[in-house]
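A look at the structure
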Amino acid sequence: MANISLAQLLEAGVHFGHKAYRWNPKMFPYIYMERNNIHILDLVQSAQLLKQANSYLESAAKQKKTFLFIGTKRQASALIAAEAKRCNSYYVNHRWLGGMLTNWVTLKSRIARLKVLEQQETDEVFKLLPKKEASLRKTELSKLRRDLDGVKDMTQLPDIAIVIDQKREITAIRECRKLGIPVVSILDTNCDPDLVDIPIPGNDDAVRSIKLILKSLTDNILLGQSKV
């Protein structure tokens, strides 16, 4: 299993939480101290729980489970897409459309529409249409790509969700819980650990922190996939 050290977590700023007044008291067990009104997370626990998450994902990958990476905040968007693609998984990195999982039939119809428009683009159908109609279709295609490009090859619900920023992606997490899809998530000091299955206490705002943890999770998915 590919794991990361306390020194790497420290260097990436994984231990920095939010201002103390923004905390969720349920995160108390994972907080080491308060410094200058900022909560500091216990990196020993972060390392242990990241190791458990890595082990869980490696085992799931060995069983050919499918993964959906979710993170729409600016700092995480590009990283989510890159890491999901690296382990041949699905992702949502721009906007979570309500019902993406719970209203699966509607999502499939939108994906089908995306593929139709992409085929029309490939076949240069747009060039044969009146300017206004061509413009409308191009705009529709652009929006569908932005929202659904990472899930357009997803033929069924994912087995596991990996989430960055629980507060921002709460709609996605609620849909996963409703459908019984396990959630692996970085938990900053303002999060609710009761809403996730596999918690990783850590800074979900800093790019370096997100990058380090996401890379570690993906490395272990790849490790599991290589043992299939």
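Cut-offs applied
Residues numbered from 1 in each chain as written. Predicted model: local features only at pLDDT ≥ 70, side-chain atom pairs only at ≥ 80, totals over all residues. Heavy atoms only, no water. Core = buried A, V, L, I, M, F, W, Y, C linked by side-chain atoms within 4.5 Å. Buried < 20%, exposed > 50% of the residue type's maximum accessible area, 1.4 Å probe, protein only. Helix = DSSP H or I, 4+ residues; strand = E, 2+ residues; numbered from the N terminus. Domains from an automatic or database assignment. Contact = heavy atoms within 4.5 Å. Pairing = 2+ DSSP bridges. Axes fitted to C-alpha atoms, helices over the stretch in contact; angles between N-to-C directions. Phe/Tyr/Trp six-rings, centres within 6.5 Å; stacked < 30°, edge-to-face > 60°. Buried area = accessible area lost by both parts, 1.4 Å probe. Salt bridge = Lys/Arg side-chain N within 4 Å of Asp/Glu carboxyl O. Polar contact = N/O pair within 3.5 Å; in protein donor to acceptor, adjacent residues only side chain to side chain. Nonpolar A, V, L, I, M, F, W, Y, C, P; charged D, E, K, R; others polar. Parallel < 35°, antiparallel > 145°, perpendicular 65-115°, else oblique. Left-handed = near helix turned anticlockwise from the far one by under 90°.

**A short note on the nonpolar core**
- Of all hydrophobic cores here, the largest spans 34 residues; its most connected members are L68, W96, L148 and V151.
- Every element with two or more residues in this core is listed here: β4 (67-70), β5 (90-92), α4 (104-122), α5 (131-148), β6 (160-163), α6 (170-179) and β7 (183-187).
- Each of domain 1 (6-101 + 157-226) and domain 2 (104-149) accounts for three or more of the residues forming this core.
- If we skip the residues at most four places from it in the chain, L68 touches Y90, Y91, V92, W96, L101, V151, P158, I160, A161 and I162.
- Membership of the second largest hydrophobic core comes to 33 residues, among which are F67, A76, I186 and I210.

**Notes on the sheet that holds strand β8 (residues 198-201)**
- Taken in spatial order, the five strands make up an open sheet running β5-β4-β6-β7-β8, and their pairing is parallel. Each edge of the open sheet carries a strand with a single partner, namely β5 and β8. With strand direction ignored, the average angle separating the axes of adjacent strands in the sheet is 20°.
- Where β4 lies against β5, three bridges are found, and the strand directions are parallel. If you follow I70 over to β5, its bridge partner there is V92.

**Some words on the sheet that holds strand β1 (residues 16-19)**
- Sheet architecture is open: three strands sit in the order β1-β3-β2, paired in antiparallel fashion. Each edge of the open sheet carries a strand with a single partner, namely β1 and β2 (31-35). Across the sheet, the mean angle from the axis of one strand to that of its neighbour is 25°, orientation sign disregarded.
- Here β2 pairs with strand β3 (residues 38-41) via four bridges, running antiparallel. When the sheet's bridge partners are listed, E34 is paired in β3 with H39.

**With respect to the packing of aromatic side chains**
- In this structure the tally under the stated criterion is one aromatic pair.
- The interplanar angle of 70° and the centroid separation of 6.5 Å between the aromatic rings of W23 and F28 together place this pair among those described as edge-to-face.

**As for the domain arrangement of the protein chain**
- The domains assigned to the protein chain are domain 1 (6-101 + 157-226) and domain 2 (104-149).
- One C-alpha centre belongs to domain 1, the other to domain 2; they are set 32 Å apart.
- The interface of domain 1 with domain 2 comprises eight residues on the first partner and six residues on the second.
- Together, the buried faces of domain 1 and domain 2 total about 700 Å²; carbon and sulfur atoms form 54% of this surface.
- The interface formed by domain 1 and domain 2 holds one salt bridge in total.
- A salt bridge links D147 to R95; the nearest nitrogen and oxygen atoms lie 3.2 Å apart.
- Across the contact surface, domain 1 and domain 2 share two residue pairs in polar contact (both at pLDDT 80 or more).
- Residue composition of the side of domain 1 that touches domain 2, grouped by class: five nonpolar, two polar and one charged.

**Comments concerning the packing of helix α3 (residues 74-86) against helix α7 (residues 207-225)**
- Contact pair α3 / α7: the axes reach a minimum separation of 10 Å and the direction vectors enclose 15°. Judged by the angle between their axes, α3 and α7 are roughly parallel. In terms of crossing hand, the pair formed by α3 and α7 is right-handed. Contacts between α3 and α7 involve Q75, A76, L79, I80, E83 and R86 from the former and V207, I210, K211, L214, K215, T218, D219 and L222 from the latter.
- Classifying every residue of the contact of α3 with α7 by side-chain character gives seven nonpolar, two polar and five charged.

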